[in-house]
Amino acid sequence: MIYDPVASGWQLVLAALAAITLLVVLITVAKLHPFLALVLGGLTVGIIAGQDLGEVLDTFTEGFGSTAAGVGLLIALGAMFAKLLADSGGADQIVETIVGRATGRGLPWAMATVGAIIGLPMFFEIGLVLLMPVIFLVARRAQVSLITVGIPALAGLSAMHGFVPPHPGPVAAVDILGADLGVTLGLGLLVAVPTVIVGGPLFGSVAGRWVDVPAPVDEPAGPGSEGAEEGMAADGARRPSFAVTMATVLLPVVLMLGRAVTEIVIDDPDQPFQKTMTVIGEPLVALLLAVLVAMYTFGLRVGMGMKEVSSTVESSLPGIAGILLIVSAGGGFKEVLVRTGVGTLLADWARDADISVYLLAWVVAALIRLATGSATVATITAASLMLGLVEGMDSTETSLVVLAVGAGSVFFSHVNDAGFWLVKEYFRLSVGQTIKSWSLMETVLSVSGLGFVLLVSIFV
């Protein structure tokens, strides 16, 4: 729903700029948790726009609750699925099967494939912990720079994190902009694959010459390295086979894509098959079914007891508490921006200036990413500002706006991004080497991602 501006244009612009500036200062300078920063940012928008504080609080809590109810469930189910995949040894099975069959020049491509598959259900940080021992081992055996094989894996992880649901950023943007998650998933994969190729194996071959870092003889050290063994199957349990692992990982993807395709091809809400696909392809149902199947294929079937499976599922939740709060607070922040009419004002200006919505979405997300270092905050804020611009767009165009925001949200990771330091420590790089490899890779992903979004927009 689009709301009329509650104040003059200059006052709303001041409110939005003040809130974004406050977010940047609180997160980067004061080191305040993004959840608290988003709460204060939302209140700032409403107060400067001239709204009553009680009204602003009601608006914020409404947005917080609706986002937690929708996006929160998906993130929680995604975390459960990823934990089952890791603890069963399924992730290791994927890595060893694909990398074990690659040699020579095919290794960077194999690492990119592994990074993308592991990155589909897993958060970036978890995927990095799982893949670091493999990156070290492959670099040692092939006698190449860590960067040559590491960048493709990082590109696969990062692209999935920025473009593909059920990761928090894309899911939050889908919810904010009212996009179809199945369509976004399909287009996200379509954009992510060539983006990973450009930012992974192709850029990795160049970055490996710029930053020639030999793999050390010992295993990777650094924060969280003790958790690298979490992906191994429990004692006494056997790993799921590669075929079973891939079938389980792709199950929610197939169900959600199947719903989107069925609605396009059949286009009859009363047709029995479409009605069935509409239900099982609903993101919440698809992910719930995937978790239940994974409890069998990644748990009971490989020798875990039901108590151990339940323990694994339970242990997946504490780690996402912060993410859930950030995303939900982002929903409250968005709702205040919408109710004050900031998005409507921005939409009117963009239409008058005849600016591409996709380009504008990318620029806004990239600027906030540069300022805050948080891809999730950049996605939520940029998507909130784009809400007025997607009014009247069809499902495909709205999904492309989501992907443009996602592309901007991974732009040039630097010293204010926790991921920057995570990569630096795991790969044992200097700050300069990290910028020339990781930061530039993120920039290549971001720019090429936007390029492929614009290309797809021509044909759909």
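These numbers come from a predicted model, not from an experiment. (Residues numbered from 1 in each chain as written. Predicted model: local features only at pLDDT ≥ 70, side-chain atom pairs only at ≥ 80, totals over all residues. Heavy atoms only, no water.)

Undergrad: Could you give me a rundown of the side chain of Arg 369, with the residues and numbers involved?
TA: With respect to the helices and strands, Arg 369 occurs in helix α16 (residues 357-372). A polar contact of 3.4 Å, which involves the side chain of Arg 369, links it to the side chain of Asp 417. A distance of 3.2 Å separates a polar atom in the side chain of Arg 369 from a polar atom in the side chain of Glu 442. (Helix = DSSP H or I, 4+ residues; strand = E, 2+ residues; numbered from the N terminus. Polar contact = N/O pair within 3.5 Å; in protein donor to acceptor, adjacent residues only side chain to side chain.)

Undergrad: Tell me what's going on with the nonpolar core, and back it up with residues and numbers.
TA: Counting 152 residues, the largest nonpolar core has Ile 118, Leu 128, Ile 135, Leu 154, Leu 177, Met 386 and Phe 427 as the members making the most contacts within it. Counting residues per element, this core draws most heavily on helix α3 (residues 53-87), which supplies 14 residues. Excluding anything up to four places from it in sequence, Leu 154 contacts Phe 124, Leu 128, Val 423, Phe 427, Trp 438 and Met 441. (Core = buried A, V, L, I, M, F, W, Y, C linked by side-chain atoms within 4.5 Å. Buried < 20%, exposed > 50% of the residue type's maximum accessible area, 1.4 Å probe, protein only. Contact = heavy atoms within 4.5 Å.)

Undergrad: How would you explain the pattern of salt bridges if you had to name every residue and give the values?
TA: Enumeration according to the criterion identifies ten salt bridges in this entry. Notably, a salt bridge pairs Glu 282 with Arg 259, separated by 2.8 Å at the nearest N-O pair. You can see Glu 282 sitting in the loop between α11 (272-280) and α12 (283-297) and its partner Arg 259 sitting in helix α10 (residues 242-265), a full 23 residues away along the chain. Its relative accessible area of 32% is what places Glu 282 among the partly exposed residues. For Arg 259, a relative accessible area of 17% puts it in the buried group. Residues joined by salt bridges that share partners form a network here, namely Glu 62, Lys 334, Glu 335 and Arg 339. (Salt bridge = Lys/Arg side-chain N within 4 Å of Asp/Glu carboxyl O.)

Undergrad: Please provide a residue-by-residue account of the packing of aromatic side chains, values included.
TA: Applying the stated criterion to the full structure yields six aromatic pairs. Plain terms: the ring middles of Phe 81 and Phe 298 are 6.0 Å apart, the flat faces sit at 65° to each other, and that makes the pair edge-to-face. Remark: Phe 298 occurs in the loop between α12 and α13 (306-315) and Phe 81 occurs in helix α3; sequence separation between them is 217 residues. Measuring from centroid to centroid gives 5.6 Å for Trp 362 and Phe 411, while their planes differ by 85°, and the two rings are edge-to-face. Note that Trp 362 is positioned in helix α16 and Phe 411 in the loop between α18 (395-409) and α19 (418-427), a separation of 49 residues in sequence. (Phe/Tyr/Trp six-rings, centres within 6.5 Å; stacked < 30°, edge-to-face > 60°.)

Undergrad: Outline the side chain of Ser 328, supporting the account with residue identities and numerical values.
TA: Within the element layout of this structure, Ser 328 appears in helix α14 (residues 321-340). You can call Ser 328 buried: its relative accessible area is 5%. Not counting chain neighbours up to four residues away, the residues in contact with Ser 328 comprise Gly 63, Phe 64, Thr 67 and Ala 68.

Undergrad: Tell me what's going on with unusual backbone geometry, and back it up with residues and numbers.
TA: A cis amide bond links Pro 165 to the next residue, Pro 166, at an omega of 10°. In this fold, Pro 166 is placed in the loop between α7 (146-163) and α8 (168-177). A positive phi is found at Lys 31, a non-glycine position, where the angle reads about 60°. Considering the arrangement of structural elements, one finds Lys 31 in the loop between α1 (9-29) and α2 (34-48). A relative accessible area of 64% means that Lys 31 is categorised as exposed.

Undergrad: Got a sec to walk through the confidence of the model for the protein chain? Specific residues and values, please.
TA: In this model, the protein chain carries a mean pLDDT of 89, and residues with pLDDT of at least 70 account for 95%. α18 holds the highest mean pLDDT among the elements of the protein chain, 97, whereas helix α15 (residues 342-353) holds the lowest, 78. When the criterion is pLDDT under 50, residues 221-236 qualifies, and its contacts beyond four places in sequence or with other chains add up to 33 contacts. (pLDDT = per-residue confidence, 0-100.)

Undergrad: Summarise the environment of Tyr 3; cite the residues concerned and give the values.
TA: Along the chain, Tyr 3 falls in the segment before α1. Separated by 420 residues in sequence, Tyr 3 and Val 423 place their C-alpha atoms 43 Å apart. Excluding residues within four positions of it along the chain, Tyr 3 makes contact with Val 338, Arg 339, Gly 341 and Thr 344.

Undergrad: Let's hear about the environment of Leu 177: which residues, and what values?
TA: One can find Leu 177 in helix α8. For Leu 177, a relative accessible area of 6% gives the class buried. In the structure, Leu 177 is positioned 43 residues away from Val 134 in sequence and 38 Å away in space, judged by C-alpha atoms. Beyond its immediate stretch of four places on either side in the chain, Leu 177 contacts Ala 383, Met 386, Leu 387, Val 390, Thr 398, Val 401 and Val 402.

Undergrad: Before we move on, could you go through a nonpolar patch on the surface and cite the residues and values that matter?
TA: Where nonpolar side chains cluster on the molecular surface, the patch consists of Val 261, Ile 264, Val 265, Ile 266 and Phe 273 and spans about 500 Å² of accessible area. When residues in the nonpolar patch are grouped by element, the largest group, three residues, is from α10. Tracing the chain through its elements places Val 265 in helix α10. (Patch = residues over 30% accessible without salt bridge, like charges linked within 9 Å, V, L, I, M, F, W, Y side chains within 5 Å. Areas by Shrake-Rupley, 256 points an atom, 1.4 Å probe, with all protein chains shown as cover.)

Undergrad: Provide a residue-level description of the packing of helix α4 (residues 90-100) against α10, including the pertinent values.
TA: It is at 9 Å that the axes of α4 and α10 come closest, and there the two elements cross at 115°. The chirality of how α4 crosses α10 is left-handed. Two secondary-structure elements touch here, α4 through Gly 90, Gln 93, Ile 94, Thr 97 and Ile 98 and α10 through Phe 242, Thr 245, Met 246 and Val 249. Its residues assigned to classes, the contact of α4 with α10 comprises five nonpolar, four polar and no charged. (Axes fitted to C-alpha atoms, helices over the stretch in contact; angles between N-to-C directions. Left-handed = near helix turned anticlockwise from the far one by under 90°. Nonpolar A, V, L, I, M, F, W, Y, C, P; charged D, E, K, R; others polar.)

Undergrad: Break down the packing of α18 against helix α20 (residues 431-459) for me, citing the residues and quoting the values.
TA: Axis separation between α18 and α20 bottoms out at 8 Å; the angle between their running directions is 165°. In terms of orientation, α18 lies roughly antiparallel with respect to α20. In the crossing of α18 with α20, the sense of the turn from one axis to the other is left-handed. In this structure, α18 uses Leu 400, Leu 403, Ala 404, Ala 407 and Gly 408 to contact α20, whose residues at the interface are Ser 446, Gly 449, Leu 450, Val 453, Val 456 and Ser 457. (Parallel < 35°, antiparallel > 145°, perpendicular 65-115°, else oblique.)

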